[in-house]
Amino acid sequence: MKVLKTIKEMQDQADHIRASGRKIGFVPTMGALHEGHLSLIRLARQSADVVVMSIYVNPAQFGPDEDYDLYPRNFAKDESLARQAGADIIFYPDDKQMYPEPFLTDVAVHSITENLCGASRPGHFQGVAVVCAKLFNIVKPHFAVFGQKDAQQAAVIRQMARDLNFDMEIITAPIVREPDGLAMSSRNAYLSSEERQDALSLNQALRMSLEAVENGERSCARLIHLIEEYISAKKNTTIDYVKIADPFSMNDIEYIKDKAVIAVAVFLGKTRLIDNVYVEVQDEARH
Ligand code: AMP
């Protein structure tokens, strides 16, 4: 496995790989790797000849009061995990490489970025879009893999790739969870043991809502109420949002008619965690 730190080296490698007819699969991350990230490498491995993982804590996607400085960074550990999972190249640039002065370009994906995390984290998806656009031009992948854990992010990047004609496929991979159901996240490392216990309520509430849908509930207001009641009963939780949205437009929906994403963002103490489930119903009579 190679570690490349400059854009020029990465672009030259990508050209070389492409010229020899091999397929590049790409997994962008911010490091602090866990089994969720590694599952993306393994998925990429299945159809790529060369798997590239980027590790870059992108300042542009953090708000001024967010955890950019605190974000866990451990390159030596990440390097060994990525190697074991089957990555061929790690692209590991620094801020000077990625955002040389002056940096004057924005990538704004509209509408789909306005609800859910976009509403709570102004500017977040602009930061995500610009770094992904840059990384796609640097790594030149045939496809990139994103986790369903960040459902809105995957939808935003898919839209951006379509709108800007990035010649690549965007693949989404299922959420990897701890044995007790907690969605894996680099931010789980911030949790106290009490907070971690209460964090289980996110997945538990989402599963309860799925059960309610299975039993015929279609009203999003009632499903949201059910989730909010369950999560807010835990001592260490403060709900940021509970939303049920169309998985393509990310707009709120009133009733579950076919496909929907049920998504939550909750603070456990100071740590903001997200989780979601995808639902699909096939009702005979639609109104
Ligand atoms: P991050 O390092 O948090 O920016 O995440 C990098 C990629 O890993 C994104 O595509 C995330 O959606 C994905 N990811 C993070 N956590 C998980 C998880 N628990 N299961 C699957 N994918 C994940």
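The following paragraphs examine the structure supplied in this document. (Residues numbered from 1 in each chain as written. Predicted model: local features only at pLDDT ≥ 70, side-chain atom pairs only at ≥ 80, totals over all residues. Heavy atoms only, no water.)

## A closer look at the pattern of salt bridges
Scanning the model with the defined rule gives 14 salt bridges in all. The salt bridge involving Lys140 is made with Asp15; its shortest N-O contact spans 2.8 Å. Of this pair, Lys140 sits in the loop between helix H6 (124-139) and strand S5 (143-147) while Asp15 sits in helix H1 (residues 7-19); the two residues are 125 residues apart in sequence, bridging distant segments of the chain. Accessibility expressed as a relative area gives 23% for Lys140, which makes it partly exposed. A relative accessible area of 38% places Asp15 in the partly exposed class. For the salt bridge of Lys235 with Glu194, the shortest nitrogen-to-oxygen distance reads 3.2 Å. Within this pair, whereas Lys235 is found in the loop between helix H9 (220-232) and strand S7 (237-245), its partner Glu194 is found in helix H8 (residues 193-214), the two being separated by 41 residues in sequence. (Salt bridge = Lys/Arg side-chain N within 4 Å of Asp/Glu carboxyl O. Helix = DSSP H or I, 4+ residues; strand = E, 2+ residues; numbered from the N terminus. Buried < 20%, exposed > 50% of the residue type's maximum accessible area, 1.4 Å probe, protein only.)

## Looking at the packing of aromatic side chains
Applying the stated criterion across every chain yields a total of eight aromatic pairs. Aromatic pair Phe26 and Phe136: ring centres 6.3 Å apart, planes at 85 degrees, arrangement edge-to-face. Here the residue Phe26 occupies a position in strand S2 (residues 24-29), and Phe136 occupies one in helix H6, the gap between them amounting to 110 residues. In terms of burial, Phe26 and Phe136 fall into one category: buried. Of note, Arg73 hangs over the ring of Tyr68, and the distance from its end group to the ring centre comes to 4.9 Å. Cation over ring: Lys134 sits above Tyr99, and NZ or CZ is 5.7 Å from the ring centre. (Phe/Tyr/Trp six-rings, centres within 6.5 Å; stacked < 30°, edge-to-face > 60°. Lys NZ or Arg CZ within 6 Å of the ring centre and 35° of its normal.)

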